[in-house]
Amino acid sequence: MALLSLKNLWVEYGEKVVLERISLDIAEGSFVSIIGPSGAGKSSLLRVVLGQEKPTRGTITLDGAPLPAECGPDRGVVFQRYSVFPHLTVLGNTLLGLEFSASPFTARLFGGARRAAVAEAEAMLESVGLADSRHLYPAQMSGGMQQRLAIAQALIKRPRILLLDEPFGALDPGIRKDMHALITRLWREHGLTIIMVTHDIKEAFSLGTRVLTLDKRRHDPHAPQRYGAAVIYDLELTRKAQQVHADAGADEQAEAIGITIDTVGNN
Ligand SMILES: Nc1ncnc2c1ncn2[C@@H]1O[C@H](COP(=O)(O)OP(=O)(O)OP(=O)(O)O)[C@@H](O)[C@H]1O
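First, a word on scope: everything that follows refers to the structure included in this document. (Residues numbered from 1 in each chain as written. Predicted model: local features only at pLDDT ≥ 70, side-chain atom pairs only at ≥ 80, totals over all residues.)

**Some words on the overall build of the protein chain**
Looking only at helices and strands, the protein chain has 8 helices and 11 strands in total. The 267 residues of the protein chain split such that 35% are buried. Restricting to contacts in the protein chain with at least 6 residues of sequence separation, those with at least 24 account for 69%. (Helix = DSSP H or I, 4+ residues; strand = E, 2+ residues; numbered from the N terminus. Buried ≥ 20, exposed ≤ 12 C-beta atoms within 10 Å, placed from the backbone. Contact = placed C-beta atoms within 7 Å.)

Here is the structure:
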């Protein structure tokens, strides 16, 4: 059974149709990249999966049961510019997730429970490469380090699904490469299912096991709001294709896509 199943999903804001007829099954353990033009509804789709927004039509199920409206610990999210808490250190920011789950009102842990939480947070910081920075405040860190912290904050709650909205969009190319290696390792180690929105086609192909493109299939020049975006391409990548993409230069990408990617759906 699919981990997430979206059936005939629509998102509309008043008269404006943003997404229409989205039907998707997302398998546990997959890494789904979503690309598409600006305004196509990529972030709206993530918000629906996160439970922040209700679709106007259609259903979404997690393990076959209706998706809980509130975003529980099963789903974590990292945005392009994450609001890590500026007044808390790296360790404090990472601990906060554990403190809130254990003690929702005071967000405080004491004694043995606190020591266990600190050990867990330190292990997570080690895993994202921030062990030596645990006493720094976000303002003292680079953008890449802040995104590492955002990832640690999301993963400390042990989500099954990690939603990434342009997580590396604001980073320099060299740092992005390091972050790609990090997220690939964490995805494997934690057995995560990842859904990532990106504007970077190369990133979409080199990280994803599946690439979805969202776009409008129909346009009404007299009423641009009338039709929403749908899934135009749904490409399942073979491992070989992924490797080719990860290694290929920009010019080789298109050729590699043509040869090795299986088109599994065209809604
Ligand atoms: N709360 C809202 N109320 C009204 N319109 C909204 C709302 N949220 C998003 N929209 C509109 O829905 C459309 C899709 O927005 P969304 O942010 O999902 O697109 P996107 O594909 O993520 O775009 P980008 O690539 O620019 O981030 C846009 O036209 C946006 O203006």
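We are not done yet, so read on.
**Re the nonpolar core**
Among the nonpolar cores identified, the biggest contains 61 residues, and Ile 34, Ala 121, Leu 125, Ala 152, Ile 194 and Ile 195 are the most heavily contacted of them. Counting residues per element, this core draws most heavily on helix 4 (residues 143-155), at 6 residues. Two domains each donate at least three residues to this core, and these are domain 1 (4-74 + 160-265) and domain 2 (86-158). With residues near it in sequence (within four places) discarded, Ile 194 still touches Phe 31, Val 32, Leu 162, Leu 164 and Trp 187. (Core = buried A, V, L, I, M, F, W, Y, C linked by C-beta atoms within 7 Å. Domains from an automatic or database assignment.)

**Quick word on the environment of Asp 25**
Position of Asp 25 among the secondary structure elements: in strand 2 (residues 16-26). When the C-alpha positions of Asp 25 and Leu 237 are compared, they lie 15 Å apart, and in sequence the two are 212 residues distant. Excluding residues that lie within four positions of it along the chain, Asp 25 makes contacts with Ala 2 and Ser 5.

**Some details on the site of the ligand**
Every residue near the ligand is listed here: Tyr 13, Val 18, Gly 36, Ser 38, Gly 39, Ala 40, Gly 41, Lys 42, Ser 43 and Ser 44. It is helix 1 (residues 42-50) that contributes the most residues to the shell around the ligand, 3 residues altogether. When the residues that make up the shell around the ligand are grouped by side-chain class, the tally is 3 nonpolar, 6 polar and 1 charged. (Near = placed C-beta within 6 Å. Nonpolar A, V, L, I, M, F, W, Y, C, P; charged D, E, K, R; others polar.)

**Comments concerning the packing of helix 4 against helix 5 (residues 173-189)**
Where helix 4 meets helix 5, the closest approach of the two axes is 11 Å, and the angle between their N-to-C directions is 15°. One element, helix 4, and the other, helix 5, form an angle in the roughly parallel class. Read as a crossing pair, helix 4 and helix 5 show a hand that is right-handed. Contact residues: Gly 144, Gln 147, Ile 151 and Leu 155 in helix 4; Ile 175, Asp 178, Met 179 and Leu 186 in helix 5. (Axes fitted to C-alpha atoms, helices over the stretch in contact; angles between N-to-C directions. Parallel < 35°, antiparallel > 145°, perpendicular 65-115°, else oblique. Left-handed = near helix turned anticlockwise from the far one by under 90°.)

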